[in-house]
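Report on the structure
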Amino acid sequence: MNVTNTGAKGSQLPTDENWVEGSLQKNSAEHEGYAGVHNLGRITENNNTDANESKKGLLEKIVRRDNMNQAFKKVKANKGSHGIDGMKVDELLQYLKENGNLIKQSILDGKYCPHPVRRVEIPKEDGKKKRKLGIPTVVDRVIQQAINQILTPIFEEQFSDNSFGFRPKRSTHQAIRKSQNNINEGYKYVVDMDLEKYFDTVNQSKIAEILSRTIEDGRVISLIHKYLRAGAMVKHKFEETKVGVPQGGPLSPILSNIMLNELDKELERRGHRFVRYADDLLIFCKSRRSAERTLKNILPFIEKKLFLKVNREKTVVDYVGKVKFLGFSFYQNKGETKIRIHPKSIAKMRSKVRELTSRSHGIGNDDRAMKLRRYIMGWVNYFKIADMKKLLHQTDKWMRRRIRMVYWKQWKRIKTRFKMLQSLGIHKQKAWEYANTRKSYWRTSKSPILSKSLGNNRIKGFGFLFFSEYYRQVTV
């Protein structure tokens, strides 16, 4: 076995002035490797199955200078956390300048071996379960992004018009509009499909089989398979990844679509109407009975042909107005289907606003205003296609009261309250009377005195943004 150490501390490596352009950064090779049998520069591989098979030179396109430069810029723009080697994005450029040629050649020779991902867990929307993420090293992110950029135009030609997730020039809003059209045409019952732990249970051999139908360069499939089998570091212990596609890297979205495109094609072959966004799937039917029959008939294909597991408890057949899809739901008004925000999404939004306007959040008012502004802008832009004017006015009223409560608590002492109320235009006698109030913070925040002294325009002047105001800006 030939071993080439590309990242060991103090190693002498050839420089690359061609792969990545830009200013020099700190040399990331000073980072210590992780404990265990895997060291930082694992550019070696015992199993080189199909590594020398090349019919169309796809691998050469992947490691081509312009493609790798574009991948580097994408990874740098996305920033993100470090992998198991501790290398940060701002250290990536110098490392690639020094090691780029060696990495490129090892990929072409079929000897490149990716690092295990760094396993992290984030809470799911319900707050009870956790979603596993696998964070690749920044170098592996560049290579994965380079693969993604070459595979995307190839597979885009095969993907269904009913698939909207993680695809260029496609969005959540398009998926919701497509669903709305289906409902308006009489398809008012749905199979709301839930694939249990989809990314963690994908059959890797099945993905390789599907890839091989289109990709004739066996070296590319071999490289992708290595990423799937790279393993994960969990609390400093190495774990094999014999199944699944690690979420967190640039490869997982396109591999997810490639796998589920098989389901898309089967649904189209059977004449079903459906909308899929990543692993979220709605199949539209004209009656409950038809939807139940559709679910029963499609289950064997999903479980026996694609080897995926359907969560029977969460997969439901129901009237479309009762289901949640991508945070939205639907309702009927004068015979027309309208879009609204699902109650769970509203509750999640209020919880976030409550957190950012907490009296004990421990941040300054300028930071609070900035974080609220960013959250409001992102939230409104995502949900702006829904009917929500009344909701936003109510939310703004509640949020402003919470902001007033924060300021009232910050003016802790009677003297401070008296001084601040006077400075905000309250008459001396009234200011002294309210400064001595024994009412709770929340009750006082609704008082006419605070509504006048901390009016809407004054709160705006402090840098706060209101939901309804920004909604008007983006929907004009």
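Residues numbered from 1 in each chain as written. Predicted model: local features only at pLDDT ≥ 70, side-chain atom pairs only at ≥ 80, totals over all residues. Heavy atoms only, no water.

Turning next to the overall build of the chain. For the chain, the helix and strand inventory stands at 19 helices and ten strands. Looking at the chain residue by residue over its 476 residues, the buried ones come to 50%. Partitioning the contacts of the chain with sequence separation of at least 6, the portion at a separation of at least 24 is 75%. Accessible area of the chain: about 24600 Å², with a carbon and sulfur share of 47%. (Helix = DSSP H or I, 4+ residues; strand = E, 2+ residues; numbered from the N terminus. Buried < 20%, exposed > 50% of the residue type's maximum accessible area, 1.4 Å probe, protein only. Contact = heavy atoms within 4.5 Å. Areas by Shrake-Rupley, 256 points an atom, 1.4 Å probe, with all protein chains shown as cover.)

A sheet is described by the order of its strands in space; here four strands give the open sequence β6-β7-β3-β8, paired in antiparallel fashion. The open sheet has two edge strands with one neighbour each: β6 (273-277) and β8 (316-319). Shown here is a sheet whose adjacent strand axes are inclined to one another by a mean of 20°, direction ignored. Pairing between strand β3 (residues 189-194) and β8: four bridges, direction antiparallel. Along β8, the bridge assignment pairs valine 190 with aspartate 318. Contacting β6 and β7 (280-285), helix α5 (residues 172-184) crosses the sheet at an angle of about 165° to β6. (Pairing = 2+ DSSP bridges. Axes fitted to C-alpha atoms, helices over the stretch in contact; angles between N-to-C directions.)

To continue, consider the packing of aromatic side chains. What describes a pair of aromatic rings is the distance from one ring centre to the other and the angle between the planes of the rings. Evaluated as defined, the whole model comprises twelve aromatic pairs. Each residue in the set Phe328, Trp379, Tyr382, Phe383 and Phe467 is aromatic and connected to the rest through ring pairs, giving one cluster. Above the plane of the ring of tryptophan 398 lies arginine 350, whose end atom (NZ or CZ) is 4.0 Å from the centre. Over the ring of tryptophan 442 we find arginine 401, and its NZ or CZ is 3.8 Å from the ring centre. (Phe/Tyr/Trp six-rings, centres within 6.5 Å; stacked < 30°, edge-to-face > 60°. Lys NZ or Arg CZ within 6 Å of the ring centre and 35° of its normal.)

Attention now goes to the nonpolar core. Counting 66 residues, the largest nonpolar core has Leu92, Val139, Ile143, Ile147, Met193, Leu211 and Leu255 as its most contacted members. It is helix α4 (residues 138-156) that provides the largest number of residues to this core, a total of nine residues. Formed by 56 residues, the second largest nonpolar core is a distinct cluster that contains Ile183, Leu356, Leu372 and Tyr434. (Core = buried A, V, L, I, M, F, W, Y, C linked by side-chain atoms within 4.5 Å.)

With respect to the element layout, aspartate 109 can be found in the loop between α3 (92-108) and β1 (117-123). Spatially, the C-alpha atoms of aspartate 109 and arginine 219 are 8.9 Å apart, while their sequence positions differ by 110 residues.

Looking now at the sheet that holds strand β4 (residues 232-234). Read from one edge to the other, the open sheet built from four strands follows the order β2-β1-β4-β5, with strand pairing classed as mixed. Only two strands of the sheet have a single partner each, and these edge strands are β2 (130-135) and β5 (237-239). Going across the sheet, the axis of each strand differs from the next one's by a mean of 40°, ignoring polarity. As defined by bridge partners, β1 adjoins β2 across six bridges and the pair is classed as antiparallel. Paired with valine 120 across the strands is leucine 133, a residue of β2.

On to the environment of glutamine 332, then. Within the secondary structure layout, glutamine 332 lies in strand β9 (residues 328-333). When its relative accessible area of 29% is taken as the criterion, glutamine 332 is described as partly exposed. Separated by 148 residues in sequence, glutamine 332 and asparagine 184 have C-alpha atoms that sit 9.3 Å apart. Ignoring any residue separated from it by four or fewer positions in sequence, one finds glutamine 332 in contact with Ile183, Lys188, Tyr319 and Thr337. Here threonine 337 takes part through its side chain, which lies 2.8 Å from a polar atom of the side chain of glutamine 332. (Polar contact = N/O pair within 3.5 Å; in protein donor to acceptor, adjacent residues only side chain to side chain.)

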